[in-house]
Amino acid sequence: MQFSFNFSASNPPPYFPFPWKSHKTNFLTPSLDKPIIPIKPSLNPLTLSNSLKTSLNYEFQRGNLDEPTSPASLPVVILGSGAVLRYIWDRSELKLVSVDGNNAVSLKSLLISDFEDGFGKLFRMCSLGVRNFFLPRQVTGNYLQYVRWKLLHRVFSSALQVLATQAMFRAIGVGYSCSLPSAAALNWVLKDGLGRLSRCIYTASLAYAFDTNLKRVRFSTSVLFSLSIGIELLTPAYPQYFLLLATIANIAKQISLACYLATGTAIHQSFAVADNLGEVSAKAQIQTVCFDNLGLMLAAALNILFKNNQRLQAGLPFVVYPIFSAIDLIGIYQGLKHVHLQTLTKRLIIIFCIQDRLEIIITKWVELGCVPSPADVSKVEGVNFMRSNGRGLWPIRIGCLNPKRQIPRLSMTTMQLLKGEDMYFVCLEIICSRLAATHQQGIVLCVREGSCTADVVMGLLQACHIRKAMLSGRCRWEDNLGACYDSSSVLRHWFELVEDSKQCAHRDFTLLNDQMLEVGWACRNILLSTEEQARYSFLHG
């Protein structure tokens, strides 16, 4: 049973004489001519509202320091197991009294009343124990929804893995009289070795994506893991290709495992509200073990159900695979929707027009003047797997100008007019899509070497103001494609737009940053991809 103690220091505690006689001691007081005022305690019932409020009122009475004739209320309240109790001292025994009545109980009789309370208290204690076993004590409100979907994902994923392992044993002849244990062991070692090598290569080449594209990478590798189980289920049908199929499946599994381990810390950090990352991670391991055991029991139950029919047992994995895989992926997808990451990312995928968190925040600020919370951005961001957010006009990217793309003259003029104090500049580019055979205007934010996070946010804020202005005059800027960009009127209008947007960015930056910190965003760093980390250096003429 867990208790918490509340002590009210608004009033001094009452005087309680000791059972023994103490020697008289003289103390220095600021004023010795004033009579000593003893404190007479009065017991008032406690009132509970949204939070526990203890009101300790003491009446002062002039006189000698006599022992209290009535029970005295101690300014300590105990909260635990759904009960609110307060300490009472009656000169001979320490008691506890309920806040909603005068049923005083001694410490000894409290145990008897707990025993007589019956199944209600037992149920509360069991449920509290299970809750403390599976869940951390201090997490965000969306954590329970995430665990529910994780339960669905882990149970069916574990059941599929058991069925796939069973199919692979059948493919190599384990359980049959003609099996060759040495050959089976050799094949298994080769497949695991190649899988782990592929895992190392994948982790080294795409390490940055675990931060910048966490949800997309996590869901993509989950799909890959589900496909690997399907490949393993095919090994009994093609035993002569066992090593090839098993190696391909294990490579996919190792890649998925690498992503699972790499992204787990960031996901757990999003739920830890009291710097209790270790506790959240430990509870996650407990949940995984328990949920996987449930999946093992499900697979065992299915095998026992069809043990008398070998044909049905052999075809069982092919029947349950599409169903279990669909439930598994739905659980992963819905669970990721309840992961509200507080880190700022800025990564643009032109093909699907995907915006990341920082651009979503600033776009919302420019349009509505408010900063969305991590939960609101998580709903808009989603997993972003093969889908568009519908904001393909004037996409913004961070990086350097690509000479292979069509660069308008106004971008080159912008670079010519750079000053030594400029930490970034905004220019335009024309994106040519080979797949769609179309041209699209884009905005590029080029950041200088040595710039800080505030400079990146300031530049992106200015770029969003420029995009808003261009979308309001969309037809005019679309007509300016090609040679019209070289006209002096277009250049003059562009630099006026750059100057106005820069003033707006400087005006809004402080308030934007304060609101981002207020709603819980981590504004210290921005997670950028390798391409977005490219910086330019300014050469003084």
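Thresholds, definitions, all that
- Residues numbered from 1 in each chain as written.
- Predicted model: local features only at pLDDT ≥ 70, side-chain atom pairs only at ≥ 80, totals over all residues.
- Heavy atoms only, no water.
- Helix = DSSP H or I, 4+ residues; strand = E, 2+ residues; numbered from the N terminus.
- Buried < 20%, exposed > 50% of the residue type's maximum accessible area, 1.4 Å probe, protein only.
- Contact = heavy atoms within 4.5 Å.
- Areas by Shrake-Rupley, 256 points an atom, 1.4 Å probe, with all protein chains shown as cover.
- Arc of directions from axis to C-beta.
- Expected span 1.5 Å × (residues − 1).
- Bend = angle between axes of the 7 residues up to and from the residue.
- Polar contact = N/O pair within 3.5 Å; in protein donor to acceptor, adjacent residues only side chain to side chain.
- Core = buried A, V, L, I, M, F, W, Y, C linked by side-chain atoms within 4.5 Å.
- Salt bridge = Lys/Arg side-chain N within 4 Å of Asp/Glu carboxyl O.
- Lys, Arg positive; Asp, Glu negative; His and termini not counted.
- Phe/Tyr/Trp six-rings, centres within 6.5 Å; stacked < 30°, edge-to-face > 60°.
- Disulfide = S-S within 2.5 Å.
- pLDDT = per-residue confidence, 0-100.
- Axes fitted to C-alpha atoms, helices over the stretch in contact; angles between N-to-C directions.
- Parallel < 35°, antiparallel > 145°, perpendicular 65-115°, else oblique.
- Left-handed = near helix turned anticlockwise from the far one by under 90°.
- Nonpolar A, V, L, I, M, F, W, Y, C, P; charged D, E, K, R; others polar.

**Some details on the overall build of the chain**
From N to C terminus, the chain includes 15 helices and 14 strands. For the chain, with 541 residues in total, the buried portion stands at 41%. Summarising the internal contacts of the chain: among those between residues at least 6 apart in sequence, 72% fall at separations of at least 24. Counting every atom, the chain has about 30500 Å² of accessible surface; 61% of that belongs to carbon and sulfur.

**Examining helix H12 (residues 409–416)**
Here H12 has its buried residues at Leu410, Ser411, Thr413 and Thr414. Burial along H12 is one-sided: seen end-on, the buried residues are contained in an arc of 160°.

**Considering helix H9 (residues 310–337)**
For H9, built from 28 residues, the straight-helix expectation of 40 Å at 1.5 Å per residue is met to within 8% by its first-to-last C-alpha distance of 41 Å. A maximum bend of about 40° is found in H9 at Tyr321, where proline Pro322 lies one to four positions downstream. Structurally, the start of H9 carries an N-cap: the backbone nitrogen of Arg311 is 3.2 Å from a side-chain oxygen of Asn309.

**Regarding the nonpolar core**
Within the largest apolar cluster, 41 residues are counted, with the highest numbers of intra-cluster contacts made by Ile362, Ile443, Ile466, Trp494, Leu512, Met516 and Trp521. For this core, the secondary structure elements donating two or more residues are helix H10 (357–368), strand S11 (396–398), strand S12 (424–433), strand S13 (438–447), helix H13 (453–472), helix H15 (488–518) and strand S14 (522–527). Counting residues in each nonpolar core, the second largest holds 32 residues, with Ala159, Val320, Phe324 and Leu341 among its members.

**Brief notes about the pattern of salt bridges**
Enumeration over the complete set of coordinates arrives at six salt bridges. Taking the shortest distance from any N to any O, the salt bridge between Arg467 and Glu359 comes out at 2.8 Å. Note that Arg467 is positioned in helix H13 and Glu359 in helix H10, a separation of 108 residues in sequence. In this pair, the class of Arg467 matches that of Glu359, namely buried.

**Focus on the side chain of Arg448**
One can find Arg448 in the loop between S13 and H13. Comment: no salt bridge for buried Arg448; closest opposite-charge side chain is Glu421, at 7.0 Å. Reaching out from Arg448, the side chain makes a polar contact with the backbone oxygen of Asp422 at a distance of 3.1 Å. Those residues in contact with Arg448, other than ones at most four positions away along the chain, are Lys419, Gly420, Glu421, Asp422, Met423, Arg535, Tyr536, Phe538 and His540.

**Focus on the packing of aromatic side chains**
Both the distance between ring centres and the angle between the ring planes are used here to describe each pair of aromatic rings. Summed over the entire model, instances satisfying the criterion amount to eight aromatic pairs. Measuring from centroid to centroid gives 4.9 Å for Tyr143 and Phe271, while their planes differ by 75°, and the two rings are edge-to-face. Of this pair, Tyr143 sits in helix H3 (residues 143–172) while Phe271 sits in helix H7 (residues 242–271), placing them 128 residues apart in sequence. Phe271 matches Tyr143 in its accessibility class, with the two residues each being buried. With a centroid separation of 5.3 Å and 65° between ring planes, the pair formed by Phe425 and Tyr536 is classed as edge-to-face.

**Quick word on the state of the cysteines**
Per the stated rule, a full pass over the model turns up zero disulfides. Cysteine Cys446 remains unbridged, with the sulfur of Cys427 as its closest cysteine sulfur at 4.4 Å.

**Observations concerning the confidence of the model for the chain**
Looking at the chain as a whole, its pLDDT mean stands at 75, while 70% of the residues score no less than 70. Below a pLDDT of 50 lies the segment residues 1–65, which in the model reaches 85 contacts outside its immediate sequence neighbourhood of four places, other chains included. Taken together, the stretch residues 385–391 has pLDDT below 50 and engages in 18 contacts with residues farther than four places along the chain or on a different chain.

**Digging into the packing of H3 against helix H6 (residues 214–233)**
Look at H3 against H6: their axes get within 8 Å of each other, and the N-to-C directions meet at 30°. Between H3 and H6, the interaxial angle falls into the category roughly parallel. In the crossing of H3 with H6, the sense of the turn from one axis to the other is left-handed. Every residue of H6 that contacts H3 at Ser157, Leu160, Gln161, Leu163, Ala164, Ala167 and Met168 is listed here: Phe225, Ile229, Glu232 and Leu233. Among the residues making up the contact of H3 with H6, the classes are represented as eight nonpolar, two polar and one charged.

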